[in-house]
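# Working through the structure, step by step
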Amino acid sequence: MSETPEIKSAEPVPTRLPNTGAGAPPGLLDRTLDTLRAGWREIAASARGVVGAAPRANLPKEDAERLKEQIEACLEGRGGEVSARARAAQLGRTYLALDGQGRRNFLMMLARDFDVDRAAVDRAMATFQTAGDPVSRGHAERALRRALEPPRLRLLTQFNGLPEGVKFLVDLRAELMEMARGEPLLQALEDDLKSLLRNWFDVGFLEMRRITWDSPASLLEKLIKYEAVHEISGWRDLKDRLDSDRRCFAFFHPRMPNEPLIFVEVALVQGMSDNVQALLDPSAPVCDPKSADSAIFYSISNAQVGLAGISFGNFLIKRVVDGLTGEFPNIKCFATLSPIPGFRRWLDRELAERGDSLLSPPEAERIAEAMTTLPDGPEADGRESGGEGDPDERPVLAAALALPSWHGHDELQKQLRGPLMRLCAHYLTTARASDRRSERPDTAPARALDPVAHFHLSNGARMERLNWLGDRSPKGLRQSCGMMINYRYKLGEIDANHEAYRGEGKVNASSAIRSLGRGGA
């Protein structure tokens with residue numbers, strides 16, 4: 001499952017960010033907002049004196065100066081509401097017409113020249129500090145708040161009144177996130193835009209809808225495009241995922257009614273699923289959903305890169321659970337079938353540092369012996385693993401996992417199963433990363449290193465069961481040696497689990513997973 005992991009991501013995130021370098025091909029904004037060029041042209045044309053000579057695509061300094069004057073006119077509110085909307089529309093059309101370098105220049109100008117006026121803040125602070133009576137202090141507080149609001153934030157807010165203006169800002173942030181790496185000015189602008197979007201995308205404004213095969217084709221195409229966990233191979237695959245024993249739910253925003261923000265795919269089955277290929281098998285019979293006793297959340301995809309770091313997944317899962325409980329009273333088990341995207345990266349680091357000490361001597365011996373029987377094993381060219389002069393001095397576990405057929409060889413996977421399950425359970429229950437996003441990272445409890453684990457533990461789930469070779473796809477083998485995990489949502493325990501994890505960093509795991517991980521790494 002994916003969260004934006006705080007994107008991909010958790011956090012949670014999903015879709016690729018555009019290349020924003022000079023001469024870059026059309027990016028996310030160009031692909032999704034082509035219709036705005038015509039729509040905003042009509043709005044922009046209604047203002048007098050707004051449209052001058054179009055700036056060049058790379059926005060050189062002299063063109064940027066002219067654009068700066070247009071922004072100042074926008075902020076000064078010259079004319080009425082129609083003129084203000086027209087200026088915002090013209091600025092949006094101008095941005096869309098720029099190439100990668102031009103867009104970077106535009107955003108740098110916005111970040112540099114339309115930041116907080118420090119002198120005005122100093123004056124407001126002085127007034128606040130000298131205010132004597134409560135009325136004067138109240139006026140001074142409000143004046144200080146206004147002074148602390150950068151003009152660029154007021155400019156961005158004007159896009160809320162334009163058709164598809166909110167979608168424009170969401171995709172603008174997707175581009176800005178990429179550009180802002182290592183650039184403090186752009187990072188500050190990105191923070192302002194994230195704050196604005198967080199307020200607009202409060203979960204109270206969102207609508208949950210069920211997506212079915214009868215939904216508009218344009219929406220179904222977006223599911224195929226945005227699916228980030230288990231790729232949808234085509235229309236037949238999508239129809240199977242929307243069958244009577246399946247459910248798909250998404251959050252929508254009233255200002256983006258045709259764009260899913262995040263969606264979850266659910267299978268209604270008997271028992272807790274342990275293999276995603278079996279779950280998605282197109283030849284499997286369709287089950288009667290009324291006979292199901294389990295709802296398996298097997299994919300959560302954040303659809304909008306520009307909303308990374310603004311969490312909806314936890315609220316979506318809770319609303320889906322509430323809805324399914326009412327529709328199917330027989331369902332008593334709500335669980336996920338989730339990937340473990342960080343395990344292989346962690347394991348490779350541990351192998352590089354500790355080598356074969358991760359295994360007991362008998363484990364290492366049995367794995368080495370099983371490798372010799374493979375056609376592509378170490379004896380294929382007349383050498384034995386670990387022999388004198390052997391150029392491959394990798395740890396035996398690394399050498400075994402480097403064999404492309406390891407998961408298809410009965411004896412080798414049998415010998416790998418115990419050590420890998422133990423190491424994965426240890427990774428899930430003990431590997432930690434400091435929460436750098438916390439307002440007080442020095443006092444925040446350490447979070448689970450795996451982004452999907454962090455997402456579900458934050459939502460109040462419990463680590464229930466580790467599944468050997470639950471995902472044999474190339475992606476699953478690459479990320480987690482094919483293992484998957486069930487996180488279980490027990491309705492009576494969700495709040496307590498959430499508080500224990502967020503407050504103390506406590507990982508709630510079943511006795512089976514605890515037992516697996518006791519051997520350590």
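Numbering of residues begins from 1 in every chain and follows the order in which that chain's sequence is written. Totals for whole chains, interfaces and linings use all residues, but because this is a predicted model, local features are given only for residues with pLDDT of at least 70 and pairs of side-chain atoms are given and counted only at 80 or more. To get the side-chain values, all heavy atoms of the structure are used, and hydrogens and water are removed first.

## Considerations on the overall build of the protein chain
Rules: The helix and strand labels rest on DSSP assignments: H or I over at least four residues marks a helix, E over at least two residues marks a strand, and numbering proceeds from the N terminus. Exposure categories follow from relative accessible area, calculated using a 1.4 Å probe and restricted to protein chains: below 20% of the type maximum is buried, above 50% is exposed, and the middle band is partly exposed. Note that accessible areas follow from Shrake-Rupley with a 1.4 Å probe, and for residues the cover is restricted to the protein chains shown.
Counting its regular elements, the protein chain contains 22 helices and 9 strands. Out of the 521 residues in the protein chain, the part that is buried amounts to 52%. Carbon and sulfur atoms make up 49% of the accessible area of the protein chain, which totals about 24000 Å².

## Digging into the environment of Arg502
On the secondary structure map, Arg502 appears in helix H21 (residues 494-504). Expressed as a C-alpha distance, the spacing of Arg502 and Gly460, which sit 42 residues apart in the sequence, is 9.3 Å.

## Description of helix H9 (residues 165-179)
Counted only if it meets this: To estimate the expected span of a helix, count its residues, drop one, and scale the result by 1.5 Å.
When the terminal C-alpha atoms of H9 are compared, their 21 Å separation across 15 residues agrees well with the 21 Å that a helix rising 1.5 Å per residue should span. For H9, a buried count of 13 out of 15 residues is recorded, marking the element as mostly surrounded by other parts of the structure.

## Describing the packing of aromatic side chains
The condition is simple: The rule is short: rings of Phe, Tyr and Trp, with Trp giving its six-membered ring, pair when the centres are within 6.5 Å, and they are stacked under 30 degrees, edge-to-face over 60, tilted in between. By definition here, charges over rings are those cases where NZ of Lys or CZ of Arg is within 6 Å of the ring centre and within 35 degrees of the ring normal.
Considering all chains together, one arrives at 9 aromatic pairs under this definition. Ring geometry for Trp346 and Tyr427: centres 5.4 Å apart, planes at 40°, overall tilted. Within this pair, whereas Trp346 is found in helix H15 (residues 343-354), its partner Tyr427 is found in helix H18 (residues 410-430), the two being separated by 81 residues in sequence. Through a chain of ring-to-ring contacts, three or more aromatic side chains come together here, namely Tyr95, Phe106, Phe159 and Phe168. Against the face of Phe128 rests Arg137, its NZ or CZ located 4.8 Å from the ring centre.

## Quick notes on the side chain of Asn314
The line we're drawing: In what follows, residue pairs with any heavy atoms lying within 4.5 Å of each other are defined as contacts.
Relative to the helices and strands, Asn314 is located in helix H14 (residues 313-327). Of the residues examined, Asn314 reaches a relative accessible area of 16% and is grouped as buried. What Asn314 contacts, discounting residues up to four positions off in sequence, is Phe455 and Asn459.

## A short note on the packing of H15 against H18
The line we're drawing: To get an axis, fit a line to the C-alpha atoms, keeping to the stretch in contact for a helix; angles then go from 0 to 180 degrees between the N-to-C directions. The scheme is simple: roughly parallel for angles under 35 degrees, roughly antiparallel for over 145, roughly perpendicular for 65 to 115, oblique for anything else. Each residue is assigned to one of three groups, with Ala, Val, Leu, Ile, Met, Phe, Trp, Tyr, Cys and Pro labelled nonpolar, Asp, Glu, Lys and Arg labelled charged, and all others, Gly among them, labelled polar.
Between H15 and H18, the least distance of the axes is 11 Å, while the angle of their chain directions is 105°. The angle between H15 and H18 falls in the class roughly perpendicular. Taken together, the residues of H18 that come into contact with H15 (itself represented by Phe343, Trp346 and Leu347) are Leu420, Leu423, Cys424, His426 and Tyr427. Within the contact of H15 with H18, the residues separate by chemical class into 7 nonpolar, 1 polar and no charged.

## Describing the pattern of salt bridges
The condition that has to hold: Definition used for salt bridges: Asp or Glu carboxyl oxygen within 4 Å of a side-chain nitrogen of Lys or Arg.
Applying the stated criterion to the full structure yields 25 salt bridges. Taking the shortest distance from any N to any O, the salt bridge between Lys167 and Asp171 comes out at 3.2 Å. Taken together, the residues span about one helical turn, with Lys167 and Asp171 both in helix H9 at a distance of 4 residues. The exposure class assigned to Lys167 is buried, which follows from its relative accessible area of 2%. With a closest N to O distance of 3.1 Å, Arg247 and Glu327 form a salt bridge. Of this pair, Arg247 sits in strand E2 (residues 246-252) while Glu327 sits in helix H14; the two residues are 80 residues apart in sequence, bridging distant segments of the chain. For Glu327, a relative accessible area of 42% puts it in the partly exposed group. Each of Arg56, Glu62, Asp63 and Arg66 takes part in salt bridges that share partners, so that together they form one network.

## With respect to the nonpolar core
Going by this rule: For the purposes of this section, nonpolar cores are sets of buried Ala, Val, Leu, Ile, Met, Phe, Trp, Tyr and Cys residues that join through side-chain atoms within 4.5 Å.
Ranked by internal contacts, the top residues of the largest apolar core, which has 115 residues, are Phe201, Phe343 and Leu347. Here this core takes 9 residues from H18, the largest share from any one element. Residues in contact with Phe343, not counting those within four places in the same chain, are Leu420, Leu423, Cys424, Tyr427, Asp450, Gln479, Ser480, Cys481 and Met483. Residues Ile211, Leu219, Leu220 and Ala303 belong to the second largest nonpolar core, which totals 13 residues.

## Regarding the sheet that holds strand E5 (residues 333-336)
Filter applied, for reference: Any two strands are treated as partners once DSSP identifies two or more bridges connecting them.
Here 7 strands make up an open sheet; going across it, the order is E1-E2-E3-E4-E5-E9-E8 and the pairing mixed. The outermost strands of the open sheet, each flanked by one partner alone, are strand E1 (207-210) and strand E8 (462-467). When strand polarity is set aside, the average angle formed by the axes of neighbouring strands in this sheet is 30°. One ladder, built from 6 bridges, connects E2 with strand E3 (residues 262-269); its direction is antiparallel.

## Some words on the environment of Val320
Within the secondary structure, Val320 sits in helix H14. C-alpha separation for the pair Val320 and Arg209, spaced 111 residues apart in sequence, amounts to 9.8 Å. If sequence neighbours within four positions are ignored, Val320 has contacts with Met208, Phe249, Val264, Val266 and Phe297.

## Re unusual backbone geometry
Backbone geometry at Glu164 places phi at a positive 60°, although glycine is not the residue there. Looking at the secondary structure, you find Glu164 in the loop between helix H8 (151-157) and H9. Even without glycine at this site, Cys481 takes up a positive phi of about 55°.

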